[in-house]
Amino acid sequence: MESAVAVATGLKIGTKLSEGKTKEVYLLPDFPGHVLMQSKDQITAGNAAKKDQMEGKAALSNKTTCCVFRLLHEAGIKTAFVRKHTDTAFIAEHCEMIPIEWVCRRIATGSFLKRNPGVKEGYRFSPPKIEMFYKDDTNNDPQWSEEQIIESEMNCAGLKMGSCEVDIMSRSTLAIFEILEKAWATQNCTLVDMKIEFGVSVSTKELVLADVIDNDSWRLWPSGDRSQQKDKQVYRDLKEVTPEALQVVKRNFEWVAERVELLLEPMESGRVVVLMGSTSDLAHCEKIKKSCASYGIPCELRVTSAHKGPDETLRIKAKYEGDGKPTVFVAVAGRSNGLGPVLSGNTAYPVINCPPLTSDWGSQDVWSSLRMPSGLGCSTILSPEAAAQFAAQIFGITDHLVWAKLRSSMLNTWISLKQADKKLQECCL
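These numbers were taken from a predicted model, which means no experiment stands behind them.

Rules behind the numbers
Residues numbered from 1 in each chain as written. Predicted model: local features only at pLDDT ≥ 70, side-chain atom pairs only at ≥ 80, totals over all residues. Heavy atoms only, no water. Pairing = 2+ DSSP bridges. Helix = DSSP H or I, 4+ residues; strand = E, 2+ residues; numbered from the N terminus. Contact = heavy atoms within 4.5 Å. Axes fitted to C-alpha atoms, helices over the stretch in contact; angles between N-to-C directions. pLDDT = per-residue confidence, 0-100. Phe/Tyr/Trp six-rings, centres within 6.5 Å; stacked < 30°, edge-to-face > 60°. Buried < 20%, exposed > 50% of the residue type's maximum accessible area, 1.4 Å probe, protein only.

Caption draft 1: Local environment of the sheet that holds strand 19 (residues 327-332). The strand order across the open sheet built from five strands is 18-17-19-20-21, with neighbouring strands paired in parallel fashion. This sheet does not close on itself; its edge strands, each paired only once, are strand 18 (299-303) and strand 21 (379-380). As defined by bridge partners, strand 20 (residues 351-353) adjoins strand 21 across two bridges and the pair is classed as parallel. Paired with Ile352 across the bridge in strand 21 is Ser379. Lying on the sheet, helix 8 (residues 282-294) is in contact with strand 17 (271-276), strand 18 and strand 19; it crosses strand 18 at an angle near 165°.

Caption draft 2: Summary view of the confidence of the model for the protein chain. Looking at the protein chain as a whole, the pLDDT averages 94, with 97% of positions reaching at least 70. Under a pLDDT of 50 for its full length, residues 1-8 has, in the predicted model, twelve contacts with residues more than four places off or in other chains.

Caption draft 3: The arrangement of the packing of aromatic side chains in detail. By the definition in use, this model includes ten aromatic pairs. For the pair Tyr123 and Phe125, a centre-to-centre distance of 5.4 Å together with 65° between the ring planes defines the contact as edge-to-face. Pairing Tyr320 with Phe329 gives two aromatic rings, centres 6.5 Å apart and planes at 75°, and the pair type is edge-to-face. Phe329 carries the same exposure label as Tyr320, and that label is buried. An aromatic cluster is present here, built from Phe69, Phe81 and Phe90 joined pairwise through their rings.

Caption draft 4: Main features of the pairing of strand 5 (residues 50-53). In the sheet, strand 4 (residues 42-45) pairs with strand 5 via four bridges, with the strands oriented antiparallel. The partner of Ile43 across the bridge, within strand 5, is Asp52.

Caption draft 5: Local environment of the sheet that holds strand 7 (residues 89-93). Strand order in this open sheet of five strands is 1-2-3-7-6, and the pairing throughout is antiparallel. For this open sheet the edge positions go to strand 1 (16-19) and strand 6 (81-86), each flanked by a neighbour on one side alone. The mean angle between the axes of side-by-side strands here comes to 25°, regardless of whether they run parallel or antiparallel. Packing of helix 2 (residues 57-75) onto the sheet brings it into contact with strand 3 (34-39), strand 6 and strand 7, and relative to strand 6 it is tilted by some 150°.

As structure tokens, then:
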């Protein structure tokens, strides 16, 4: 197979690092620090106690994994994924894998019910429940606690798995699940639970999401209905594996692979319109525009004065209202802010005041943005970056891709603080 892949793609395939039930991992001599993740057509259940060949599974699994990792990567989650290489393989950072499966559950089903008698199927976890399982086929992947992981003193690519790393993996698992849960909700499909794995990049020594996330990795219930499940559980439940039964399983995998592409498509795109009272405020407004771009939100800048040209201000407002596109207005006006209140009093769209305060009169000028007449609902945010973030939070209610960026940003901020604290403690010790 190595020579066939090499000839077909022009990529030199090196040593086989490992082979699992559903994939093989190869070194790439011409791409140091990276590997080829080659999927197989094999489908298994019960730690390979049941296994069959399902033609086309490798391509379906690879397509699903690549789409999922693209979504997560573009949201800002650190992953080992680099790019899709062929229909059945992708290139990833070379990682030393941490032998723990992290499971996140929204709904109680499957093995959880066996381990927790008395809990009825369908019990909803809020927040989602996190579980860990040590990868050991001979012992059926026993459940582990965080304390067991810490006490095991695992060392992967030179990084010791301590409480900091365990906390990061736990928080990351929750964020990744919530991002994918919200994405699948756009297809009227419930993400019931999910398992993922982490690794440590041998090049950067960073902890990253690794391995694969495909239709073997989760439970998906369209319309929240277990009887319509589209994941590998259908194969697990087969009492007899027949060619006809495998075709049903394959059609489910095809259904998932088709719809997972749709998760990368944005919902109806909104926009931010920044109205400034003068071009002297342009630098302040450019910061808002730059921050909007980081969330994938288009941003337009306009110049108008509600004091000197109220008719023009209302004409500009009406232009953006007229096309029906979801819009958040941001009013940038120093001294006496007339823009925000005038906009807020004449539109049902959200209005954010973001005044460019100065050191001399700023403490007095800000009151024109804070003290509003009754009936006006514009908010006031002083930081241009925070104003853009607030606009993103408004759009994120209905746009899963914007929400994913916000959720990832929360996670990455938390991780940075956690790692900074660890580094400080190590210096003090």
